[in-house]
Amino acid sequence: MQLDSYLEIFTTMYGWAFANIIGEVITGTGLIIVPFAVILFNAWREAKEQGLESAGVLPLLESVGTKIIVALFVMSLCFATTPITSLSSVNLSYLPDATPQEPNPTMVSRNGGTGSGYDAAMKDASDGTMSTAGNLSQVPAWWFSTMAISSGINRAVRAGIRSGDRQIRMVEDMARNATIQDPRVLNAIQRFYSECFIPARSRYLAAASGALSPTGQSLVAVDNKEYGPTDVDWIGSQLFRTEPGYYADMRSYNPVPDFPVDFSRDIDYYNPASGIAPPHSGVVNPEWGRPTCKQWWEDGTNGVREKMVGHAGSFGKLVEVASSAMNWSSIDQAKDSFARLAQKRANPQFVDPDRIMGTDYDTVTSFSRTVVGAATVLGVGWEATLASLSMQPLITGLPMIQALVLMAIYMFLPLITFLSGYDLRVLFYGAVAIFTVKLWATMWFIAQWIDARLIDAMYPGAQGNIFVQEISQLAGSMASSGYKRMILNILMISLFIGLPLVWTAMMSWVGIQIGAQIGDLMKVSEGLAKSSAGKTAGPVKAIGKGITKL
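Computed from a predicted structure; not experimentally measured.

1. Digging into the overall build of the protein
Move 1: Summing up its helical and strand segments, the protein has 22 helices and 3 strands in all.
Move 2: Expressed as a percentage of the 550 residues in the protein, the buried residues total 41%.
Move 3: Within the protein, counting contacts between residues at least 6 apart in sequence, those at least 24 apart form 81% of the total.
Move 4: Summed over all atoms, the accessible surface of the protein reaches about 28200 Å², with 64% contributed by carbon and sulfur.

Spelled out as structure tokens, the structure:
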């Protein structure tokens, strides 16, 4: 039997363990016969109120017999257990949904272990050691069938929806929480920021408005949706990489590890093969060369961008997942997008030579920097607030709530059945409740599917680039550039909470209708029984009166 979460495997066992303990109390103390005694007492009370002569003995017996048969039927379905319907006879399993991070998930089970912390924390649920009350995995046939059918329908509906693994929200959450842990990568970002980006941006700001080539002007044009004016605000600017006079013509200040010396480029180094005598004795070249900023950024293995997006850690996994979960116009665009996000997380700063040389700032400058630092602290608080409102905790928490609700339903089924006096409607009310809560998982699956399509609709075309740009703004403690993020979050919450609420309300109406129809059916059957008994009792009364006259 396939369930919908790791936790549900154990809460199902706990729920029926508590149900068996409650059921044992009801049967062991003899309380199980109380509803039958109530049926007989009500029949006697009804006969006394109406008068035995008017009520008739046979109609009374027929009515009592019908109620007792129905009560026995309900009791047998809701209390009687068999080895076939025991949870010990089936292996409760869970197959996680396929995701970009794990396209071929492995099924886990109660018998084989789930590989989660629940195995050790809730071990007594699976081995039955939580109580000495006997076999705690017994399930009555009616409830076992209801669980099996609900689980089958749930899995069948989800399997019938194609392309359900594009969990873009997971990419968003990974992007928000991704960090760069490698200090060497952080140092490379810091150096490139100080030695290449700051000089290039300063040159760009100091240049005349018409100094750019037509291609460069089109890159930073307002109507360029892929790059635009904000392209020059980050270290991997497309303009700086392609425009003459910028990265291609600029070099690092100092040697960069992993970049060999190239005498055609490193002309400030001494070339022994040139045949020219060294300027002075004892000249030793540095171990590494000074690459151009374009080489330093784009080199396939040693470039700063490759280190930012491909280093071991959260960013490497993020790029891998996002490549299949989102739409990209090119691999280069995908790497640029996540390198831009990595810059936000690394937060490089320009190294001021005045501070290095020991020239302290004046009072006004120090005060202004203190204010900026305070604002940065507030920004970090804002970022924490945004992280607390992440959708991923909602997606993770709701299946746990479902598992706990199902545990409560299973636990109270024997008690509700007993307190209802073995009412036939309890069978269907309980079945509707189990079926309704089980299909919450399908509602959430559909909500994720719709949410991915809404993101495609709101970010058409270069969806990956624009979507990650907004994530970058959130990661940088800034508000989103538009209202699309707010709309998407509202819609997401509405889908994940609203769909199960609507589904539960509709199934409540169905349960009420079923209960009303069963009540009418019971009244009709009792009426027919009384009518049939009354016809039989008529000749008996006539014969009795004749004998009295004689």
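Read on for the rest.
2. Description of the nonpolar core
Most often, soluble globular proteins keep nonpolar side chains buried together rather than apart.
Move 1: Counting residues in hydrophobic clusters, the biggest one holds 59 residues, and the most contacted among them are Trp16, Leu92 and Tyr422.
Move 2: Counting residues per element, the ones that place at least two in this core are helix H1 (6–28), helix H2 (34–50), helix H4 (57–79), helix H7 (141–159), helix H18 (391–419), helix H19 (424–438), helix H20 (440–458) and helix H22 (484–549).
Move 3: In terms of residues, this core owes the most to one element, H18, which gives 10 residues.
Move 4: Every residue in contact with Tyr422, bar those within four places of it in the chain, is listed here: Ile32, Pro35, Phe36, Val70, Ala71, Val74, Met75, Phe79 and Thr417.
Move 5: By size, the runner-up hydrophobic cluster in this structure holds 34 residues, among which are Phe192, Ile235, Leu239 and Leu341.

3. Considering helix H9 (residues 183–206)
Move 1: The terminal C-alpha atoms of H9 lie 33 Å apart, and with 24 residues this matches the ideal 34 Å at 1.5 Å per residue to within 8%.
Move 2: The largest bend along H9 reaches roughly 40 degrees and is located at Tyr193.

4. Side note on the packing of aromatic side chains
Move 1: Scanning the model with the defined rule gives 18 aromatic pairs in all.
Move 2: Each ring, one from Trp16 and one from Tyr410, has its centre 5.2 Å from the other, and the planes form 20 degrees; the classification is stacked. Separated by 394 residues along the polypeptide, Trp16 in helix H1 and Tyr410 in helix H18 bring together distant segments of the chain. Tyr410 carries the same exposure label as Trp16, and that label is buried.
Move 3: Each ring, one from Tyr193 and one from Phe197, has its centre 5.4 Å from the other, and the planes form 35 degrees; the classification is tilted. Of this pair, Tyr193 and Phe197 are both found in helix H9, 4 residues apart, which corresponds to roughly one turn of the helix.
Move 4: A network of ring pairs unites the aromatic residues Phe192, Tyr193, Phe197, Tyr204, Trp234, Phe240, Tyr246, Tyr247, Trp296 and Trp297 as a single cluster.

5. Let's talk about the confidence of the model for the protein
Move 1: For the protein, the average pLDDT comes to 74, and 68% of its residues sit at 70 or higher.
Move 2: Ignoring residues within four places in sequence, the model shows residues 352–388, a span with pLDDT below 50, making 20 contacts including any to other chains.
Move 3: Segment residues 539–550 is flagged for pLDDT under 50; beyond a separation of four residues in sequence, or across chains, it makes 1 contact in the model.

6. With respect to the side chain of Ser150
Move 1: Inspection of the secondary structure puts Ser150 in helix H7.
Move 2: Residue class for Ser150 comes out buried when judged on its relative accessible area of 1%.
Move 3: Every residue in contact with Ser150, bar those within four places of it in the chain, is listed here: Ile434, Phe435, Lys438 and Leu439.

7. What to know about the sheet that holds strand E1 (residues 2–3)
Move 1: Reading across the sheet, the 3 strands line up as E1-E2-E3 and stay open at both edges, with mixed pairing between neighbours. Looking along the sheet, the strands with just one partner apiece sit at the ends: E1 and strand E3 (108–109).
Move 2: When E1 meets strand E2 (residues 93–94), the two strands line up parallel, connected through 2 bridges. Residue Leu3 lies in a different strand from E2, and its bridge partner there is Tyr94.

8. Thoughts on the side chain of Thr442
Move 1: Its location among the elements puts Thr442 in helix H20.
Move 2: On the basis of relative accessible area, Thr442 is assigned to the buried category, the value being 2%.
Move 3: Excluding residues within four positions of it along the chain, Thr442 makes contact with Asn154, Val157 and Arg158.

9. Some details on H19
Move 1: In this model, H19 (15 residues) spans 22 Å end to end at C-alpha, consistent with the 21 Å of a helix rising 1.5 Å per residue.
Move 2: Here H19 lies mainly inside the structure; 11 of its 15 residues are buried.
Move 3: Those residues of H19 that fall on the buried side of the exposure criterion are Leu424, Val426, Leu427, Gly430, Ala431, Val432, Ile434, Phe435, Thr436, Val437 and Lys438.

Rules used in this analysis
Residues numbered from 1 in each chain as written. Predicted model: local features only at pLDDT ≥ 70, side-chain atom pairs only at ≥ 80, totals over all residues. Heavy atoms only, no water. Helix = DSSP H or I, 4+ residues; strand = E, 2+ residues; numbered from the N terminus. Buried < 20%, exposed > 50% of the residue type's maximum accessible area, 1.4 Å probe, protein only. Contact = heavy atoms within 4.5 Å. Areas by Shrake-Rupley, 256 points an atom, 1.4 Å probe, with all protein chains shown as cover. Core = buried A, V, L, I, M, F, W, Y, C linked by side-chain atoms within 4.5 Å. Expected span 1.5 Å × (residues − 1). Bend = angle between axes of the 7 residues up to and from the residue. Phe/Tyr/Trp six-rings, centres within 6.5 Å; stacked < 30°, edge-to-face > 60°. pLDDT = per-residue confidence, 0-100. Pairing = 2+ DSSP bridges.

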